[in-house]
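# Examining the three-dimensional arrangement
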Amino acid sequence: MNISEELKKLKIKNFLLLTLAGIINAFGVTVFIAPVKLYDSGVSGTSILLSQVTPLSLSVFLLILNIPLFLYGLKRQGVAFTVYAIYSVAIYSLGAWLINDVLPIDVSVASPLAGSDLLLCALFGGIISGVGSGMAIRFGGAMDGIEVLAVIFAKKLGITVGTFVMIYNVALYIVCGFVINSWILPLYSIVTYAAALKTVDFIVEGFDRAKAAMIVTERPEEVCSAISEEFECGMTTMNGHGFYSSKPKKVVYVVINRYQVIKLRDLVHEKDPSAYISITEVADVFISNQK
């Protein structure tokens, strides 16, 4: 690992956006989740639980639990990711400290915006903290060290990263239920987790995910001309061969948006009724500016 080369990858823009991400996450957790004793997911939720049963504050636990995990994953994740992640958590911790102990906001017994309404706090806390976590991931960092452990150990355990995180969170909420001797708050915390998880997906992958179409056709010229004229987009063709028909075919690959799927289907089948079309979701599309 060449540390100097990794450090050169760091960007001021990313630090600025990670600062915003940390502030947003701190706002969601400290203004909506923590005041009504709900629990966030991962290390953040663990920190909330520990801050309730020990004299140390949420901001302290965020640092002492997250930073060792990020450093542990340094070799696997890289220097740039580790720096961005530690910075994100530091801003999150600082924001939590400011809201709890410095700013004139009373978050000791209820949310200043949603009161004691557990459903409102669970939904808005999850959505807002999800925006912060999603931004952190999108700009090269992370807001939770559990994701690092998941990347390192999930494959060794024969499970996916998402399953590892889910198992940790389910175990966390079960522990919370036993500690506080009630299951109402842990159950509402699952609502928080679900809202945050969906929001992270939207932020990282986009609200309007593109669609990739694979078209297997015996009339590639007609099909490609119709698609190009209708959507004014480029596409890629590849040689193929039908296994059962033993005929040469062309495979056309094109990326469209979800509103164009039905029109694409109709266009293709108009030109080649026997064409085979498969549609898959695309999280990101990167186009080089180089000519």
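Residues numbered from 1 in each chain as written. Predicted model: local features only at pLDDT ≥ 70, side-chain atom pairs only at ≥ 80, totals over all residues. Heavy atoms only, no water.

Take the nonpolar core next. Formed by 41 residues in total, the largest nonpolar core has its most connected members in V29, L38, Y39, I48, L58 and Y92. Of all elements in the fold, only α2 (12-33), α3 (42-53), α4 (58-72), α6 (79-102), α7 (118-138), α8 (146-157), α9 (161-180) and α10 (184-205) reach the threshold of two or more residues within this core. Ranked by the residues each element gives to this core, the list is headed by α2, at 7 residues. Excluding residues that lie within four positions of it along the chain, Y92 makes contacts with G22, N25, A26, V29, D40, S44, L62 and M143. (Core = buried A, V, L, I, M, F, W, Y, C linked by side-chain atoms within 4.5 Å. Buried < 20%, exposed > 50% of the residue type's maximum accessible area, 1.4 Å probe, protein only. Helix = DSSP H or I, 4+ residues; strand = E, 2+ residues; numbered from the N terminus. Contact = heavy atoms within 4.5 Å.)

This part covers the packing of aromatic side chains. A ring pair, where both rings are aromatic, is described by two values, the distance of the centres and the angle of the planes. A full pass over the atoms with the stated rule returns 8 aromatic pairs. Ring geometry for F27 against F32: centres 6.1 Å apart, planes inclined by 75°, an arrangement best described as edge-to-face. Ring centres 6.2 Å apart and planes at 75° place the aromatic pair F70 and F81 in the edge-to-face group. Of this pair, F70 sits in helix α4 while F81 sits in helix α6, placing them 11 residues apart in sequence. (Phe/Tyr/Trp six-rings, centres within 6.5 Å; stacked < 30°, edge-to-face > 60°.)

Now for the confidence of the model for the protein. Summing up the model confidence of the protein, the mean pLDDT is 89 and the portion of residues at 70 or higher is 96%. For the protein, the element scoring lowest by mean pLDDT is helix α1 (residues 3-8), at 76; α2 scores highest, at 96. (pLDDT = per-residue confidence, 0-100.)

Our next topic: α4. Taking 1.5 Å of rise per residue, the 15 residues of α4 would be expected to cover 21 Å, and the 22 Å separating its terminal C-alpha atoms lies within 8% of that figure. Every buried residue of α4 is listed here: L58, S59, F61, L62, N66, L69 and F70. Buried-residue contacts for α4 involve α2, α3, α5 (74-77), α6 and α8. (Expected span 1.5 Å × (residues − 1).)

Attention shifts here to the environment of V200. Relative to the elements of secondary structure, V200 occurs in helix α10. For V200, a relative accessible area of 17% gives the class buried. Sequence separation between V200 and A136 is 64 residues; the distance between their C-alpha atoms is 9.6 Å. Discounting chain neighbours no more than four positions away, the residues touching V200 are G130, S133, G134 and I137.

So, on to the layout of surface pockets. Considering only enclosed or pocket space, the largest pocket measures out at about 540 Å³ in volume. Contributing to the lining of the largest pocket are 25 residues, with I137, E147, V165, L197 and V200 lying nearest its centre. Of all the secondary-structure elements, those providing two or more residues to the lining of the largest pocket are α3, α7, α8, α9 and α10. If you trace the second largest pocket, you find 18 residues lining it, with A34, S51, L58, N100 and V107 closest to the centre. Counting residues per element, the ones that place at least two in the lining of the second largest pocket are α3, α4 and α6. (1 Å grid on protein atoms, 1.4 Å probe; cavity = no way out; pocket = protein on both sides within 12 Å on 5 of 7 lines; lining within 4 Å. Points joined across faces, edges and corners; volume = space filled by probe spheres on them.)

It is the contact of α7 with α10, at a shortest axis distance of 7 Å, that shows an interaxial angle of 35°. The way α7 lies across α10 gives a crossing that is right-handed. Its residues assigned to classes, the contact of α7 with α10 comprises 17 nonpolar, 8 polar and 2 charged. (Axes fitted to C-alpha atoms, helices over the stretch in contact; angles between N-to-C directions. Left-handed = near helix turned anticlockwise from the far one by under 90°. Nonpolar A, V, L, I, M, F, W, Y, C, P; charged D, E, K, R; others polar.)

Before going further, it helps to examine a nonpolar patch on the surface. Side chains of M166, I167, V170, I174, F178, W183, L187 and I190 sit close together on the surface and give an oily, nonpolar patch of about 790 Å² of accessible area. Broken down by secondary-structure element, the contributors of at least two residues to the nonpolar patch are α9 and α10. The element best represented in the nonpolar patch is α9, accounting for 5 residues. Note on placement: I190 falls in helix α10. Taking the relative accessible area as the measure of exposure, I190 reaches 40% and is therefore partly exposed. (Patch = residues over 30% accessible without salt bridge, like charges linked within 9 Å, V, L, I, M, F, W, Y side chains within 5 Å. Areas by Shrake-Rupley, 256 points an atom, 1.4 Å probe, with all protein chains shown as cover. Salt bridge = Lys/Arg side-chain N within 4 Å of Asp/Glu carboxyl O.)

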